[in-house]
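Okay, here's what each chain looks like letter by letter:
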Amino acid sequence: MRITILRSLFTIAALTLISPAAVANDNTERLIAAMLGDTPVVEDLHELTDTIGGRLTGSAANRDAVAWAVAKFRQAGISVATEDFEMPYQWQEKVVYASVSGDIDFGVGVVAKPFSTSANALKAPLLDAGSGSEEDFARLGDAADGAWLLVETPVLDDAVGLDGLFAEYNDAAAIEPRAFAAGVAGVVYMSSRPRNLLFRHNAALGSRNEHPLLVMEREDAKRVMRLLRAGRNLSLTATIEVEDGYAYTATNVIGEIRGKSRPDEIVLFGAHLDSHDLGTGALDNGVNVVMLIDIARQITRLGLRPERTIRFVLWNGEEQGLVGSWQYTEQHEAELDNHIVSASFDIGSGRTTGFFTGGRPDLVSMVDDYLTAVAGLGPFHQIDVPLVGTDNFDFMIEGVPNLIANQSDANYASNYHAESDTFDKVDQQQLRLNSVIAAAVIWGFANDTARLPRQSHEEIEALIGSTDLEQQMKNFAVWDGWADGTRGRHE
Ligand SMILES: [Zn+2]
């Protein structure tokens, strides 16, 4: 029923939103029409999220997702390869629980932050660390030594959106080193999500973290704060059992449509297949995985042959350090000069408003040009800033032109890495329209002759020096790899 209603909406969209005069050529038009038609993209999303579920890299579900993606490309007649790579550090939460005791006793809902260490009934005084600022630590003084610190956070809902999400990473990158220097037993963040919703971001230091880190349900954390501020003495006892520490193999999935006249020129469009494991990774990032599979499927079904080779890459290990895309840049080092572009789709199902062009201003007019085919779905606006946080990153520091689809916040940030990131949060109609927009850009790159040169090490350093890239890289625990030469272009 729902599908029937949506289909008629798509027909209306096709008739009213896309100006035929703006359509670049017949094949673009055919592809756009196919994307708006009766494709299995929503059924694919249902399978990936509800059947396979959360797909933390290193889990059995993640391996199931790899097999599923391979089968999807094969069923669509698309050439598919898997590429194994080493994940340096396993981390999975097994068991976590905590309780408050002292003047008042009660249980509290918690999860561990990824890369938290284990703790066995670790009991310590629980202290109000305010927002975790320098002033808060000055106020706490020696009392922080050996204590659990509870950090208050602003609420992150749809009204706050992505800015709030980047602020959370930024704040944690300052708070955690401060807390460890003060000798804390562990850090507990008030969940920024309303009511009892839990989520998790990686420890600020990534796999180098050596302390217990928790997120506590907002309602519980607010109760604790009220009691502490009323002068009550409380302790926290937490047990965190994680499986961690060893390297293991994970797998990227690469669907390829070979170019007919310039097969050595590669245009790469990627979305990460892995997710965190509290929810089922629908907005982050199942929705964009199924979108790319569907675009590949429709190109193949229509028998369209691009001039350049299109690679549809489903990354793994993204959530735990952008590892799959980093390892791809290592494994394909010899081909990177011929990577025309590497684009990432990773901001849920809000309307695609344009692309982040990564500090390569010449990309703006190219993308503008490709988007004229779908001008009716705009307006579009490219933002020429470099962003860290998804799989464009290692291409950026290898000097390869890179893009991130910019999407309106919608409900992305509020469900990000949370138990609520599930199938029902995805805007199915907008998914269809975003797939049309993505298809126009993919087809544009795949058939153009224009190309930007790969940047040299000096040019990449200049980009870092002239933007806030260094802080962004530190916030996502990837600065060290660039600084020590294990990541990026160094010749
Ligand atoms: Zn993501």
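Bear in mind that the values here come from a model prediction, so they are computed numbers and not experimental data.

### Quick word on the overall build of the protein
So, step 1. Secondary structure assignment for the protein yields 16 helices and 15 strands.
So, step 2. A globule of 491 residues ought to have a C-alpha radius of gyration of about 23 Å, and the protein, at 23 Å, matches this closely.
So, step 3. Taken along the three principal axes of its C-alpha coordinates, the protein extends 75 × 55 × 40 Å.
So, step 4. Here the protein, with 491 residues, has 52% of them falling under the buried criterion.

### Here's the deal with the domain arrangement of the protein
So, step 1. For the protein, the domain assignment lists domain 1 (2-88 + 247-483) and domain 2 (91-244).
So, step 2. Between domain 1 and domain 2, the residue contacts involve 22 residues of the former and 26 residues of the latter.
So, step 3. Looking at the side of domain 1 that touches domain 2, the elements that each hand over two or more residues are α12 (412-415) and α15 (469-475).
So, step 4. It is α12 that provides the largest number of residues to the side of domain 1 that touches domain 2, a total of 3 residues.
So, step 5. Here the side of domain 1 that touches domain 2 is built from residues that sort into 9 nonpolar, 10 polar and 3 charged.

### Points about the sheet that holds strand β5 (residues 119-128)
So, step 1. Strand order in the open sheet formed by 8 strands is β3-β2-β9-β5-β6-β7-β8-β4, and the pairing between neighbours is mixed. Pairing within the sheet leaves two strands with one partner each, and these edge strands are β3 (106-108) and β4 (110-112). In this sheet, adjacent strand axes meet at a mean angle of 30° when their direction is disregarded.
So, step 2. In this structure, β4 lies alongside strand β8 (residues 213-216), joined through 3 bridges in antiparallel fashion. Paired with V111 across the strands is V215, a residue of β8.
So, step 3. Contacts between helix α7 (residues 218-229) and the sheet are confined to β2 (91-102), β3, β5, β6 (148-151), β7 (186-190), β8 and β9 (234-244), with β5 contributing the most and set at about 55° to the helix.

### Thoughts on the nonpolar core
So, step 1. Core analysis: the biggest nonpolar cluster contains 145 residues, and L149, L150, A440 and I442 have the highest contact counts within it.
So, step 2. A total of 12 residues in this core trace back to one element, the largest contributor, which is helix α13 (residues 428-447).
So, step 3. Each of domain 1 (2-88 + 247-483) and domain 2 (91-244) gives at least three residues to this core.
So, step 4. Aside from chain neighbours lying at most four places away, what touches I442 is V267, F269, I295 and I310.

### So, the sheet that holds strand β12 (residues 308-315)
Sheet strands pair by backbone hydrogen bonding; their relative direction is either parallel or antiparallel.
So, step 1. The strand order across the open sheet built from 7 strands is β1-β10-β12-β11-β13-β15-β14, with neighbouring strands paired in mixed fashion. The open sheet has two edge strands, β1 (79-87) and β14 (352-356), and neither has a second partner. Adjacent strand axes in the sheet meet at a mean angle of 25°, parallel and antiparallel pairs treated alike.
So, step 2. Bridging between strand β10 (residues 248-257) and β12 involves 5 bridges; their strand directions are antiparallel. Looking at the pairing, V253 lines up with L314 of β12.
So, step 3. On top of the sheet, α13 reaches β11 (262-272), β12, β13 (339-344), β14 and β15 (402-407); it is set at about 155° to β11, its chief contact.

### Here's the deal with helix α6 (residues 162-181)
So, step 1. Under the 1.5 Å per step criterion, the end-to-end length of α6 is 30 Å for 20 residues, consistent within 8% with the ideal 28 Å.
So, step 2. All of the buried residues along α6 are L162, G164, L165, E168, D171, A172, I175, E176 and A179.
So, step 3. Buried residues along α6 sit in contact with β6, β7 and α12.
So, step 4. Directly beyond the C-terminal end of α6, a positive phi value near 80° is found at G183.

### Quick word on the packing of helix α10 (residues 362-371) against α13
So, step 1. Contact geometry of α10 with α13 gives a least axis separation of 8 Å together with a crossing angle of 115°. For the pair α10 and α13, the crossing hand works out as right-handed. Between α10 and α13, the residues in contact are V367, D369, Y370 and L371 and A440, V441, G444 and F445, respectively.
So, step 2. Class assignment of the residues belonging to the contact of α10 with α13 gives a composition of 6 nonpolar, 1 polar and 1 charged.

### Regarding the environment of D424
So, step 1. With respect to the helices and strands, D424 occurs in the loop between α12 and α13.
So, step 2. Along the primary structure D424 and T49 are separated by 375 residues, whereas in three dimensions their C-alpha atoms are 10.0 Å apart.

### Some points on unusual backbone geometry
So, step 1. Cis peptide bonds are those with omega within 30 degrees of zero, and the linkage from D284 to N285 qualifies with 10°.
So, step 2. Note that N285 resides in helix α8 (residues 282-301).
So, step 3. A cis amide bond, omega 5°, links G378 with the succeeding residue P379.
So, step 4. You can see P379 is positioned in the loop between α10 and α11 (393-396).
So, step 5. Positive phi outside glycine occurs at R195, with the angle close to 55°.
So, step 6. Looking at the element boundaries, R195 is found in the loop between β7 and β8.
So, step 7. With phi around 55°, A477 is a residue other than glycine that occupies positive phi space.
So, step 8. Counting through the fold element by element, A477 comes out in the loop between α15 and α16 (479-483).

### So, the pairing of β5
So, step 1. Pairing geometry for β5 and β9, over 5 bridges, is antiparallel. The residue bridging K123 from the neighbouring strand is T237, located in β9.
So, step 2. Here β5 runs beside β6; their pairing, made up of 3 bridges, is parallel. By the bridge assignment for β6, D128 is matched with L150.

### Observations concerning the environment of I437
So, step 1. Note on placement: I437 falls in helix α13.
So, step 2. A sequence separation of 62 residues divides I437 from A375, and the C-alpha atoms of the two residues are 9.0 Å apart.
So, step 3. Setting aside residues up to four positions removed in sequence, I437 forms contacts with T352, V374 and L377.

Conventions we followed
- Residues numbered from 1 in each chain as written.
- Predicted model: local features only at pLDDT ≥ 70, side-chain atom pairs only at ≥ 80, totals over all residues.
- Helix = DSSP H or I, 4+ residues; strand = E, 2+ residues; numbered from the N terminus.
- Rg over C-alpha atoms; globule rule 2.2 N^0.38 Å.
- Buried ≥ 20, exposed ≤ 12 C-beta atoms within 10 Å, placed from the backbone.
- Domains from an automatic or database assignment.
- Contact = placed C-beta atoms within 7 Å.
- Nonpolar A, V, L, I, M, F, W, Y, C, P; charged D, E, K, R; others polar.
- Pairing = 2+ DSSP bridges.
- Axes fitted to C-alpha atoms, helices over the stretch in contact; angles between N-to-C directions.
- Core = buried A, V, L, I, M, F, W, Y, C linked by C-beta atoms within 7 Å.
- Expected span 1.5 Å × (residues − 1).
- Left-handed = near helix turned anticlockwise from the far one by under 90°.

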